[in-house]
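# Understanding the architecture of this molecule
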Amino acid sequence: MATEAMFIPESPEAALDLLSEHGRELLILGGGTAAMVLINEGAISPRLVMSLQRAGLNEVRAVDGHLEIGATASLARVAQLSALPLLADAARHIGGWAIRNMATLAGNLFVPPPAGDAAVALLALDAEVIAARKSGTRKLPLTKFFKGRAQTALGPDELVTRIDVPRPSGAAVFLKLGRRRMNTPAVVTAAVRVVRDGQGICVDARIALGAAGEYPLRATQAEAVLQGRKLDTPSITDAAAMAMQAAHPSSDALASEWYRRKMVGVCVRRALEAITR
Amino acid sequence: MQTVSFKLNGKPVAAVVGPVESLRDALREKLHVYSVKAGCGQGGCGSCTVLVSGDPIVSCLMPARVAEGLEIITLEGIGTPAQLHPLQQAFYDNFAAQCGFCTAGMITVAKALLDRNAHPTREEIVEALAGNLCRCTGYLPIISAVQDAATRMNRGG
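Please read all numbers here as calculations on a predicted model, not as lab measurements.

A few words now on the environment of Ser135(A). Residue placement: Ser135(A) occurs in the loop between β6 (128-133) and β7 (136-141). Along the backbone, Ser135(A) and Ser20(A) are 115 residues apart, and their C-alpha atoms lie at a distance of 9.8 Å.

Residue and element names in this part refer to chain B. Strand direction decides the pairing type here: strand β1 (residues 2-8) and strand β2 (residues 11-17), joined by seven bridges, are antiparallel. Counted as the bridge partner of Val-4 is Ala-15 from β2. Relative to strand β5 (residues 71-73), β1 runs parallel, the two being bridged by two bridges. Paired with Lys-7 across the strands is Glu-71, a residue of β5.

Of the residues making up helix α4 (residues 85-92) of chain A, those classed as buried are Leu86(A), Leu87(A), Ala90(A), Ala91(A) and Arg92(A). Check the buried side of α4(A) and you find it contacts α3 (75-78), α5 (97-102), α6 (117-124), β10 (159-166), β11 (171-178) and β12 (186-196) of chain A.

All right, on to the interface of chain A and chain B then. How big an interface is tends to be expressed through the accessible area that disappears when the partners come together. Opposite the 24 residues of chain A that make contact, chain B presents 24 residues. Mapped onto the side of chain A that touches chain B, the elements with two or more residues apiece are β1 (5-7), α2 (35-41), β3 (48-51) and α5 of chain A. For the side of chain A that touches chain B, the per-class residue count stands at twelve nonpolar, ten polar and two charged.

On to the domain arrangement of chain B, then. Residues and elements named next belong to chain B. Domain boundaries assigned for chain B yield domain 1 (2-77) and domain 2 (86-155). Taken together, the contact between domain 1 and domain 2 spans 14 residues of the former and twelve residues of the latter. The set of elements that each furnish at least two residues to the side of domain 1 that touches domain 2 consists of β3 (49-52) and β4 (55-58). Tallied by class, residues from the side of domain 1 that touches domain 2 come to seven nonpolar, five polar and two charged.

Calculation notes
Residues numbered from 1 in each chain as written. Chains lettered and ligands numbered in written order. Predicted model: local features only at pLDDT ≥ 70, side-chain atom pairs only at ≥ 80, totals over all residues. Helix = DSSP H or I, 4+ residues; strand = E, 2+ residues; numbered from the N terminus. Pairing = 2+ DSSP bridges. Buried ≥ 20, exposed ≤ 12 C-beta atoms within 10 Å, placed from the backbone. Contact = placed C-beta atoms within 7 Å. Nonpolar A, V, L, I, M, F, W, Y, C, P; charged D, E, K, R; others polar. Domains from an automatic or database assignment.

If you want it as C-alpha cells, here you go:
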C-alpha cells in the first residue's frame, strides 16, 4: 500500500486535530531520522504520515527552576543546552552532525534500543513527558512512559508536545560504549546522577541504562544500594553488580546479550568513579 | 503527488513529488542534481548531505515536502569546475578523493564547519565529519584537506 498523504500541520492544534481524526493510521515524523529509514527500505508503508517540523513545537524555555523542551527541538540544539550538561552530552553522542540537526528530542523517546541515548539521560534527570490530546494535556513521569519495545503509554490520539526537566541537583555523568568512538548505536549507555551531603554520603541516586532492556530503564535497586553510603570501591562495586542484575539486554549485530550485561557493570562503575573524581 | 518549491543553490525551483519521497530522490531524479549521492538511504553514510539554511542534513531522511520554502545548498552551489571552492582545490591537492562517492558530502559538511569555525582543530574536523563514511581513503587525506582549506581561506586565498 502506497502512502496516500503527508500532512504538515502548522500549529499544535492542527496536529492534534489530525491525530484525533486518524489515530494510529497516522505515522508521526519528528525529524524523520528513524521512520524515513524504514520507509526508504520499504519495511513500513504507512497510509498517512504527519511531519511535526512546522507544528511550532520546538521552543525551549526556562520556567521557574525547570526547562521546558519542545518535542521537536533538534538534538543539535539540545546538545547546546548548558543548563543540562548530562542531556547535552547524551545528545552529542547520537549520530553524526547532520542526524542531530534533524532528529528531535521527543522522537528519541520512540526509537528502540540500541538507539535512544537522550531518553536514558532524561530518565536520570527525572524528566516528565507532556502528552496532549484535543481534550487536554497530561504530565507523566518518563518512568511511566515506556511499556515495551517501541511501545509507550500514549493513547492513539495523544501527542508528546513537550518534555520538562527539573533543574538537576548533584553530580552527573553520561557514558556511552559503542563500537566506534562517534556516530554509533550503543553497546550500552549509562546516565548516572548522585546527590551527596556535606559528608559525601549519597542521599539520592539515579542510574539509567540504555540498550540494557526493551526500553531505557532505571536500575532502582542499584540506586538504593548507594543510599546512605559514601561513593567508594565497595559501594560502587555493589551498585555495578545490582545494575547488571537489572539489565535484560538483547543480542544484535553490535553486541551479545552476555557482553552487554558485562558492560552495564563496567559503565556504571566507570560513571560512578568519574563522579568521585 | 504534490508540488514542492524551494530555493536550490540560490535559484527558485519546483518539483512534483510523492507524499514521502525523499529530498534526495527529488534532487536527483526531478531536479537532476547528481552531486547528491544515493548511498545507504539510512542516514548512515552522509553521501547525500545537503545544507538546509546552512545546516547539514542527510537528504535521504527528509521528505521533500518538508523542504517547502527552505534554502538548499548542494555541492553545485559551493563551487563550479571553472571556480573551485578552496575546499575543492584542497581535496584535489591532498588526494582526498579516490572513488569520489563520498566527496560531495564530505565537502558539504566541511563547508558548514568552516562557515562556523574558521580555525577548526583536527578533533573538531573529525567530529564534524563523523557522519560521513569513506571506504577508500582512510580519512587522513580528507582531514588534511579540510585543515589545508581552512589555512588557505584564512590567508584569503
